[in-house]
Amino acid sequence: MRRPGCAKWGAGALAVALVATACGGGSAGRSGVVSSSWGDPQNPLEPANTNEVQGGKVLDMLFRGLKRYDPKTGAAVNVLADRIETKDSQHYTVTLKPGWTFSNGEKVTAKSFVDAWNYGAQLRNKQKNAAFFQYIDGFDRVHPASGAATATTLSGLAVKDERTFTVALNQKFSSWPDTLGYTAFMPLPQAFFKDHAAWVDKPVGNGPYLVDSYDKGSVLRMRKWAKYPGADPARNGGVDLRVYTDNNTAYTDLQAGNLDLVDDVPAAQLTHVKQDLGGRYLNQPAGIIQTLTFPMYDKRWSRPGSDKVRRGLSMAIDRAQITQEIFQRTRTPATDWTSPVLGKAGGYQAGLCGAACVFDPARARQLIKEGGGLPGGRMTLTYNADTGSHKDWIDAICNSINRTLRDDRACVGAPVGTFADFRNKIAARTLTGPFRAGWQMDYPLIQNFLQPLYYSNGSANDGKFSNPHFDTLVNQANAATDSGAAVAKFQDAERILAQQMPSIPLWYQNGSGGYSERISNVSLNAFGVPVYNQIKVN
Amino acid sequence: MGRYVARRLLQMIPVFVGSTFLLFFMVYALGDPVAAMFGDRAPDPATAAQIRRDLYLDQPLWKQYVHYMGQIFQGNFGTAFNGQSVTELMASAFPVTLRLTIVAVVIEMVVGIVLGVFSGLRRGRSIDTGVLLASLVVVSIPTFVSGYLLQFVFGVRWGWAAPSVAPEAPLNELLLPGLVLALVSLAYVTRLTRTSIAENTRADYVRTAIAKGLPRRRVISRHLLRNSLIPVVTFIGTDIGALMGGAIVTERIFNIHGVGYQLYQGILRQNSPTVVGFVTILVLVFLTANLLVDLLYAVLDPRIRYA
C-alpha cells in the first residue's frame, strides 16, 4: 500500500508549517501580567450602564466607590466613604476620605459622585442602571415613567463641600448605604463628561488598575496603577482580559498554557476538570439562585388552593439528583430564596423553605391532587434555548415531575429561540406555565433577593406575585434601623414565599474557575468573579 | 467584455437591495431586542423607550428600512448595541477573515490540485484509491469535530501551535484554523480535479500534444491542466464567498475575531445593523467572486467570449 506514504507527506508538510509557528501564540510574553478569559461586554463600559458580569468585573478593577463588598465575606465595607450618617434612615450625609484621586490625577470629590449619579439617572443618557437611583428624591422628575424629563439633576443630592454631600431618599431605606458598592454608584472624573467618546474608548477610573489599551471585542489590557492610594493595590503587574466566544476554547487554551485563568469552566469539561487541573479548580457558591417562576398573573395558577399545587410541584423535583448528575455539584440544592454567600448574619437561612423544598413524591402527589391538579392536566416549562444549555436540566425537572405524577405528558419543556424573545414573552405575560428565572445579586443583601423579585410591581417580579402582607414586612424591614431586626423582618417575609410558593427555589449556582501553574492566590468573590487584584504571578 | 462586466455589475443592485430587505425583515421578525439588554430584570419602561427611539425601533418596519438604506448610502452602516459603529466592526473583522480565507484557499488549491492531478493521472492505482478514500473520510467529518480534534492534538497534546489565535491574527497562527476551514473543500477540489484530469487525459488534444513530441511535463501543465481546471476554478470562486461566511464555526473554535464572530454576536443580541451590514457585504463578496470566475473562464478557455 502506498497510501500512507502520501498521507505522511501531507502531515509532514503541515508539521513543518506548524512548528514554524509553534511559539507564535505568545501570551506568557509580558512578565507579571495575568491573562484571563472574558466575554464581550454588552454595553459601553460606563458604570451606570453596565448591568452584566463581564463589564462589571472590569469596572471592579478600574473603580472604587464609597463602599466595596469584601471579597471573602461579601460584607459592605467603607472604601472612599469615611462615614455615611443618618438619623432617620432617609436623609444621609456622606463624608469622603481624603487623598483619593483618579488615575489621571484629578481629585475624587463629592462632585465626582453627585455628577456621576445625576448622569446615571438622566433619562436621555439611557443608562441601563438608572433604576438604581430611583430611591433618591427627585428621580421621577429626572427620569419620568413617561414623557420628557423636567429636571436634569436629582433634587435629593447636594454637595456640601469638597468631601461632603447629602442624599435625601424618597422613602426609608436603612440598608441603602450597603447598596453603594454596586457599580452604578461609582464616581466619575470630569473627563467622562468633557470628552465622552474618548473616555469610553479608554476609561479612566480610581481603582487599582488603569487601562493600557482596549481593543473592543477582542482584548482589554490593564496595568497596575503604581500610585493607587487604596489599601488593596494590585499584586500583579496587570491583567489582560481576552474575549472568547466559546468557553471550551478558553479551557483548551488554559490546558495548553496559553491562558492563565478561566472564570467559567464549561459543562462539557466538568467530568474531568479535577484530573486536568487538580487543586487549581475553583468551585464555590456565588450570589446566584435559579428558580422556576409561576405566572401568578394567570388565574389558573393563582386560584384558591393552587398554592398546594405549587408547593407540590416543588416537592416533586429531585434537586439532589439533578445537581449531582447534570451539574456535577456545581449547583447546590436550594432550601431558601437567598444565597449562602449572604452568610447567616446577612439573612441566609438553610431550610427556611421547610418540607416544601424537599423531594417527597408521595406527599407531592397528594398536595397536587388536593389543590385540584395541574391546570388543564399538564404544564410547560419555558426556557431560552440560545445560551446556557438549559434544556438538560429543564427536561430533568419535567422527568422528575412526570415520574412523581405517574403521567408521561404532565410536564414538557418549551424552548424559546432567543433570550430577547424569552424576555419579551415574559414581559407581555403570554406564558401560561412556569418559566425559568435566574437571579444574580447586585449586592449581597437579603433585600436584593426579595424586594425586586416578589414585592408588588418589583423591577424583576416577572410572575407578578403580589401579597400585601409580604409588602408590609418588606417595608418594615427597610425602615428598621438595626440590621439584625431588618434581616429578621425580611426572613418573616420570606416565610410567606414558603407558603405561597410564587417561585420554586431550585439551586444555588456556584462560581467556577481554573488557573494555570503560573499564578497563585486565586479566589472567587461572593459574585463568583475572580479577585483579580490579589492574584500573584509566580 | 466591458459591456458584459457593466451588465453584471448593474445586476448586483437589485440583488443588493433585495438581500438587505430580506435580511432586515428576518432579523426584525426575531422580535424586540431591547428586553434582553436588561438581563433578568424587567426593563424600566422609560429607559427602554428611549433606547428604542434612539435605535429607530419605535418606527414601523418599512420606515426603519428606508432609514437604514438612507444611512447606508451615506456610508454609515449603523451602530452596534455596544456603541461601536458597524463600519468600525467591519474594518476590524473583514481583514482577519480575509486572511483566514486566503490561507484556506491556498491550502485548498495547492494540496487539492496536486492530489487531484496525481490521482487523476494514476487512475485506478493504489494512490488513487487512497486519495479517494481519504477525501471521503474528510468530507464526512463535520468542521466542529475536525476543528476541536486538531486543536486538541496540535495545541494541547503536541504543543506545536497555539490552540487559539491572538487578537492580531497573524498569518502563521491562522495555518491550523485555515487547514480546518479548508478540509472539506479540499476534498471536493481533489475529487473535481481528479475527475476532470482523468477525463481529459483521453481527449484528442492531449493525444495530439503527445504525438507532437512535447515533453510530458509540458503536456500536463499547459494542455491538460489548463483545460481541466475550469470546473475547479468555478468551485473555488464560489467557495471564497462560502468560506468567508461559513467560517463561523471555525472562528468560534479558534477564537478568531473575524466576520463569523461578529455575526454570531449580532445574531445572539439581535443586533440588526451588524447582521444586515455584514451579510450584505458577504453577498457582495459572493457576487464579485462569481463575476471574477466568469471572467477567468475566458482566460482559461479562449473559445469562451463575452459580448
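Examining the overall build of chain B
Along chain B, the regular secondary structure elements total 12 helices and zero strands. Each helix (α) and strand (β) of chain B, taken in turn from the N terminus, gives the series α-α-α-α-α-α-α-α-α-α-α-α. For chain B, the spread of C-alpha atoms along the principal axes amounts to about 85 × 55 × 30 Å. Among the 307 residues that make up chain B, the fraction classed as buried is 50%.

Thoughts on the state of the cysteines
Put plainly, a disulfide is one covalent bond tying together the sulfur atoms of two cysteines. All names here are of chain A. Applying the stated rule across the entire model yields two disulfides over all chains. There is a disulfide in this structure between cysteine 353 and cysteine 357, and the S-S distance comes to 1.9 Å. The chirality of the disulfide connecting cysteine 353 with cysteine 357 is right-handed, given an S-S dihedral of about 75°. Residue classification places cysteine 357 among the buried positions, given a relative accessible area of 7%. Between the sulfur atoms of cysteine 398 and its disulfide partner cysteine 411 the distance amounts to 2.0 Å.

Regarding the interface of chain B and chain A
In this complex, chain B contributes 55 residues to the contact, which on the side of chain A involves 61 residues. Buried surface at the junction of chain B and chain A, summed over both partners, amounts to about 5,200 Å²; 57% is from carbon and sulfur atoms. For the chain B face of the interface with chain A, the top three residues by lost area are Asp40, Arg41 and Trp160 of chain B, together amounting to 14%. Counting every contact that joins chain B to chain A gives three salt bridges. Between aspartate 40 of chain A and arginine 269 of chain B there is a salt bridge whose closest N-O contact spans 3.7 Å. Joining chain B to chain A, the criterion identifies 15 residue pairs in polar contact (both at pLDDT 80 or more). When contributions to the side of chain B that touches chain A are tallied by element, the ones reaching two or more residues are α2 (45-54), α5 (126-140), α6 (143-157), α7 (175-200), α10 (248-253) and α11 (259-268) of chain B. Top contributing element to the side of chain B that touches chain A by residue count: α6 of chain B, with six residues.

Looking at the nonpolar core
Side chains of a nonpolar character, in soluble globular proteins, are inclined to be buried together. In terms of nonpolar packing, the biggest core is built from 138 residues, with Trp117, Phe133, Phe165, Val167, Leu313 and Ile397 of chain A touching the most fellow members. Setting aside residues up to four positions removed in sequence, tryptophan 117 of chain A forms contacts with Leu66, Phe133, Ile136, Leu154, Leu157, Phe165, Val167, Trp176, Leu180, Ala184, Phe185 and Met186 of chain A. Membership of the second largest hydrophobic core comes to 37 residues, among which are Ala104, Val105, Val165 and Ala209 of chain B.

What to know about the packing of aromatic side chains
All names here are of chain A. As enumerated under the stated definition, the model contains 37 aromatic pairs over all chains in all. Taking 5.9 Å as the distance between ring centres and 20° as the angle between the ring planes, the aromatic pair formed by phenylalanine 113 and phenylalanine 165 counts as stacked. Separated by 52 residues along the polypeptide, phenylalanine 113 in helix α3 (residues 110-121) and phenylalanine 165 in strand β7 (residues 164-168) bring together distant segments of the chain. On the basis of relative accessibility, which here comes to 0%, the residue phenylalanine 165 falls in the buried class. Relative to tryptophan 199, the ring of phenylalanine 192 has its centre 4.8 Å away and its plane inclined at 80°; by these criteria the two rings are edge-to-face. Both residues of the pair, phenylalanine 192 and tryptophan 199, count as buried. What links up through ring pairs into an aromatic cluster is the set Tyr92, Phe113, Trp117, Phe133, Phe165, Trp176 and Phe185. Over the ring of phenylalanine 327 we find arginine 331, and its NZ or CZ is 4.2 Å from the ring centre.

Observations concerning unusual backbone geometry
Phi at glutamine 328 of chain A takes a positive value of approximately 50°, unusual for a residue other than glycine. By relative accessible area, glutamine 328 of chain A is classed as partly exposed at 32%. Notably, alanine 169 of chain B is not glycine yet its phi reads approximately 50°, a positive angle. Residue placement: alanine 169 of chain B occurs in the loop between α6 and α7.

Brief notes about the confidence of the model for chain B
Chain-level statistics for chain B give a pLDDT mean of 86 and a share of 100% at 70 or above. Confidence estimates for the predicted assembly give a pTM of 0.84 and an ipTM of 0.84.

So, helix α7 (residues 247-255) of chain A
Quick reminder: α-helices carry 3.6 residues per turn. Residues three or four places apart thus point the same way. Residues and elements named next belong to chain A. Within α7, seven of the nine residues are buried, which leaves it mostly tucked inside the rest of the structure. Taken together, the buried positions of α7 are occupied by Asn248, Thr249, Ala250, Tyr251, Thr252, Asp253 and Leu254. Of the residues one or two after α7, glycine 257 is the one with positive phi, at around 80°.

Basis of the calculations
Residues numbered from 1 in each chain as written. Chains lettered and ligands numbered in written order. Predicted model: local features only at pLDDT ≥ 70, side-chain atom pairs only at ≥ 80, totals over all residues. Heavy atoms only, no water. Helix = DSSP H or I, 4+ residues; strand = E, 2+ residues; numbered from the N terminus. Buried < 20%, exposed > 50% of the residue type's maximum accessible area, 1.4 Å probe, protein only. Disulfide = S-S within 2.5 Å. Contact = heavy atoms within 4.5 Å. Buried area = accessible area lost by both parts, 1.4 Å probe. Salt bridge = Lys/Arg side-chain N within 4 Å of Asp/Glu carboxyl O. Polar contact = N/O pair within 3.5 Å; in protein donor to acceptor, adjacent residues only side chain to side chain. Core = buried A, V, L, I, M, F, W, Y, C linked by side-chain atoms within 4.5 Å. Phe/Tyr/Trp six-rings, centres within 6.5 Å; stacked < 30°, edge-to-face > 60°. Lys NZ or Arg CZ within 6 Å of the ring centre and 35° of its normal. pLDDT = per-residue confidence, 0-100.

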